[in-house]
Amino acid sequence: MKFNDKVVDTQQLATLRDFVNVLAKEADLEFDYHFGATVHIDDRQITASHFWDHRFNVQQTGYKTDILLRVLGTLHETSVSEFLRLKKETNRSHMPYFIEQLFTLLEDIRLERLIRRRRPGTKSWFDMRRKAYHHYFETQRQTAITRSYFTDELFCLIYLTLTSESPFETFKSSKSTQNRTLQGIKPLLQRVYESKSTRNVVRIVLEIQEALEEDYSDMINRYFVYPIQHQSELQEERVIEELKRVDPLNNDDEDDTSSDDVINERFQTWHQENENDDENQTFMQFELDQGTKTTMIGDGAHQTEEGDQAMASVQGMSAQTDQSEYEHLEDLDEKKSEQEAGDEQNYGKENANAVVYDRYPEKPSEADDDAYRDLLRTIDPLRRQLSQTIFKALDQKQNAERSHLLTGRLDKKQLLPLSIENESRVFYKNDLESDEIDAVFTLLIDCSASMFNKMEETKTAAILFHEVLKELKIPHNVIGFWEDGFATKENEQPNYFHRVMTFDNALQTNVGPELLQLDAEEDNRDGFTIRVATEELLERTEKDQFLLVFSDGEPSAFNYSENGIIDTNEAVIEARKKGIEVVGVFLGDGEIAEHEAMLMRNIYGREHMLIPDLSELPGSFSGILKRLLLKSI
């Protein structure tokens, strides 16, 4: 996923998402980068501006101040009705861009003052923000003068005046007419520091518009956008209330159930501090989008929540019963929601509609057997070298001895300490550990269409992987994965797992030529595949579990291009938290570009390898296997 030719830093994005959720106290609010800092009501999303993307010295601070303004400011302090009134006035003006940006600027200044006062720790952040923007608008002012963009120049003058540390700042390079206009509206601008509501800001904006519209046309450039973005009709006064709003039923039909069929019962509660015998209170709560209005009582209990109006407790006596017990039954609504959310919890929200289709290899032909033997001869030196290294390490581990023990074999070298110092720890024991490695491996191979010119070298590396692990008697499997781009639909994305080698047959004698059946197919949904492979590895009992991923680029699948990197990174982090070591191997096609290297770092962190020349793949992969196997030993 790239924005303005920039690969997203997944760790930074995760940090900013957490920052949004903690500040807003809304766990389902999303965060993303956008042209401007906004609250997208329909998408339930907070965005930070691309303005900060390449200002690395203040980048983190810039993103955070954008979030602070929208979450602590716009969500709670901006009046939706006044915002809509301004937009209505804007539609009748010939300066819509100027009005939009002036409102956003003035409203942000008002909100910034509120946040500074309530959260003093943010002052240094906002100071850095102002300094960055002040430098930017000074350069933009010079550009506007050169190009004769008079309204753009005036807007830059407005920003520089409002954020200047000196009340007497002058702009000699601007024409006298611009300075006279600025001086004329300066009293209006300074009222923003006394504004206590969005209404005051809107009034200032409209008065400035009235003063300028006869002499100025609209702006050319766009520096800011409206802080609130929406498609649906807004009904609440505050943005936070709009995000929590529950729409009425889409249909307006009513059930004709007669009230005579309903049994009305009254349930009373009592508390020593408040007897409510003669109060008629109800504490039922429904949140429905569609349905039929009816007087029937549902047969499922409503589970109480933190936001319910009241809680009641019933106290009594209990005794053993021989009737059916229901204490372990789950609430029906909860059980249903768990079933619906199961896939999302297991495989991530981006993969809620992804479905696994297993494919198994056909019986290898004689030609496959011959081709496999040829490739075996090619990788045999690497295989023998790697196997011998591991066997030596195992042998050293077996023959290692523990000394300075109280019991065991007498160590002749310790006789002198025994006679001089009366040292009793003069015995040793040989470690007789198993010569088998308690580990399991999964190799995932990206079979997307872009791998068509890399499959031969990839198969060679997979053969090396299989032959070495088979000789060491280490269980493993090899899976080629892809998504069927032609068969994908909104509610189903078929993901094929070509299981050319399984845990059950990997150590059998004649298994191996099946690896040659791997081929380039279509798309790749890496995050989903890694989660499925993780799930299968966790069912194994081996102490050390390794997951290797061969890929040639960023994930790309149906509705996955924008969030594929983030989802794959989250899948890798989840696997590592569960004790699985994940290593990504990037298969290049010549020189590796900077954004490709950053892509792998953002997905796999430090545990990845870049292979620019595919001829080096078997040798480089041998090094990876050696490191992991020695680590397991």
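It should be emphasised that the depicted structure is a prediction, and the values quoted were computed from it without experimental measurement. (Residues numbered from 1 in each chain as written. Predicted model: local features only at pLDDT ≥ 70, side-chain atom pairs only at ≥ 80, totals over all residues. Heavy atoms only, no water.)

J.: Would you mind going over the packing of helix H1 (residues 10-24) against helix H15 (residues 564-577) in detail, with residue names and values included?
T.: Taken N-terminus to C-terminus, the directions of H1 and H15 make an angle of 85°; their axes are 10 Å apart at the nearest point. In terms of axis orientation, H1 runs roughly perpendicular to H15. In this structure, H1 uses Thr10, Leu13 and Arg17 to contact H15, whose residues at the interface are Ile565, Ile566, Asn569 and Glu570. A class-by-class count of the residues in the contact of H1 with H15 yields three nonpolar, two polar and two charged. (Axes fitted to C-alpha atoms, helices over the stretch in contact; angles between N-to-C directions. Helix = DSSP H or I, 4+ residues; strand = E, 2+ residues; numbered from the N terminus. Parallel < 35°, antiparallel > 145°, perpendicular 65-115°, else oblique. Contact = heavy atoms within 4.5 Å. Nonpolar A, V, L, I, M, F, W, Y, C, P; charged D, E, K, R; others polar.)

J.: Break down the side chain of Asp484 for me, with residues and values.
T.: Its location among the elements puts Asp484 in the loop between strand S14 (476-483) and strand S15 (493-501). Among buried Asp, Glu, Lys and Arg side chains, Asp484 stands out as unpaired, with Arg359 the closest opposite charge at 7.1 Å. At 3.2 Å, the side chain of Asp484 forms a polar contact with the backbone nitrogen of Phe486. Sequence-distant contacts of Asp484, defined by excluding residues within four places in its chain, comprise Pro494, Tyr496 and Glu522. (Buried < 20%, exposed > 50% of the residue type's maximum accessible area, 1.4 Å probe, protein only. Lys, Arg positive; Asp, Glu negative; His and termini not counted. Salt bridge = Lys/Arg side-chain N within 4 Å of Asp/Glu carboxyl O. Polar contact = N/O pair within 3.5 Å; in protein donor to acceptor, adjacent residues only side chain to side chain.)

J.: Quick one: what's the story with the sheet that holds strand S3 (residues 30-34), residue by residue and with numbers?
T.: The strand order S3-S5-S4-S6 describes an open sheet built from four strands, whose pairing is mixed. Edge positions in the sheet fall to S3 and strand S6 (228-229), since each has one partner strand and no second. For strand S4 (residues 39-40) and strand S5 (residues 45-49), the ladder comprises two bridges, and the chain directions are antiparallel. For Val39, the partnering residue across the bridge sits in S5 and is Ile46. Against the sheet, H1 makes contact with S3 and S5, and its axis sits at roughly 125° relative to S3, the strand it touches most. (Pairing = 2+ DSSP bridges.)

J.: Summarise the packing of helix H2 (residues 59-77) against helix H5 (residues 123-147); cite the residues concerned and give the values.
T.: It is the contact of H2 with H5, at a shortest axis distance of 9 Å, that shows an interaxial angle of 110°. Between H2 and H5, the angle falls in the class roughly perpendicular. Seen from H2, the contacting residues are Thr61, Gly62, Lys64, Thr65, Asp66, Leu68 and Leu69; seen from H5, they are Trp125, Phe126, Met128 and Arg129. Residues belonging to the contact of H2 with H5 are distributed by class as follows: five nonpolar, three polar and three charged.

J.: Before we move on, can you summarise unusual backbone geometry with the specific residues and values?
T.: One non-glycine residue, Lys25, lies in positive phi territory at about 60°. Residue position: Lys25 is located in the loop between H1 and S3. Exposure remark for Lys25: the relative accessible area of 73% places this residue in the exposed category. In this structure, Lys473 is a non-glycine residue whose phi angle is positive, near 60°. Tracing the backbone shows Lys473 in the loop between helix H13 (455-471) and S14.

J.: Could you give me a rundown of the pairing of S5, with the residues and numbers involved?
T.: Burial within S5 is extensive, with five of its five residues counted as buried. Alternating residues of S5 divide into Gln45, Thr47 and Ser49 and Ile46 and Ala48, and every residue in both groups is buried. In this structure, S3 lies alongside S5, joined through five bridges in parallel fashion. Its bridge partner being in S5, His34 is matched across the sheet by Ser49. Between S4 and S5, which pair antiparallel one after the other, the connecting turn spans four residues, and Arg44 there sits at a positive phi close to 50°.

J.: Mind laying out the sheet that holds strand S13 (residues 439-446), listing which residues take part and the relevant values?
T.: Sheet architecture is open: seven strands sit in the order S9-S15-S14-S13-S16-S17-S18, paired in mixed fashion. Every other strand in the sheet has two partners, leaving strand S9 (354-359) and strand S18 (608-611) as the edge strands with one partner each. Going from strand to strand, the sheet's axes swing by 20° on average, the running direction of each strand aside. Of the strand pairs in this sheet, S13 and S14 are connected by six bridges, and their pairing is parallel. Considered in S14, the bridge of Leu443 is made with Val478. Packing of helix H14 (residues 526-538) onto the sheet brings it into contact with S9, S13, S14, S15, strand S16 (544-551) and strand S17 (580-587), and relative to S16 it is tilted by some 160°. Packing of helix H17 (residues 617-632) onto the sheet brings it into contact with S13, S16, S17 and S18, and relative to S17 it is tilted by some 170°.

J.: Give a description of the nonpolar core that names residues and reports values.
T.: If you look at the biggest cluster of nonpolar residues, it comprises 74 residues, and the most contacted ones within it are Leu75, Phe98, Leu106, Phe137, Phe155, Ile158 and Ile208. A total of ten residues in this core trace back to one element, the largest contributor, which is helix H4 (residues 96-118). If you look at the next biggest cluster of nonpolar residues, it comprises 47 residues, including Ala439, Phe441, Leu515 and Leu617. (Core = buried A, V, L, I, M, F, W, Y, C linked by side-chain atoms within 4.5 Å.)

J.: I'd like a description of H13, backed by residues and values.
T.: Helix length check: H13 (17 residues) gives 24 Å between terminal C-alpha atoms against 24 Å at 1.5 Å per residue, within 8%. Lys473 lies just past H13 and shows a positive phi near 60°. (Expected span 1.5 Å × (residues − 1).)

J.: So what's going on with the environment of Arg118? Which residues, and what values?
T.: Its place among the elements puts Arg118 in helix H4. Note on Arg118: relative accessible area 51%, which makes it exposed. Along the primary structure Arg118 and Leu72 are separated by 46 residues, whereas in three dimensions their C-alpha atoms are 9.9 Å apart.

J.: Which residues make up the packing of aromatic side chains, and what are the values?
T.: Using the criterion set out here, one finds 30 aromatic pairs in the structure. Note on Phe155 and Tyr223: the rings are 6.0 Å apart at their centroids and 15° apart in plane angle, and the pair reads as stacked. Within this pair, whereas Phe155 is found in helix H6 (residues 150-162), its partner Tyr223 is found in the loop between helix H8 (198-212) and S6, the two being separated by 68 residues in sequence. Of the two residues examined, Phe155 and Tyr223, each falls in the buried class. Here a set of aromatic residues connected by ring pairs shows up, and it is made of Phe51, Trp52, Phe98, Tyr133, Tyr136, Phe137, Phe155, Tyr159, Tyr223 and Phe224. Lying across the ring of Phe503, Arg540 places its NZ or CZ 4.6 Å from the centre. (Phe/Tyr/Trp six-rings, centres within 6.5 Å; stacked < 30°, edge-to-face > 60°. Lys NZ or Arg CZ within 6 Å of the ring centre and 35° of its normal.)

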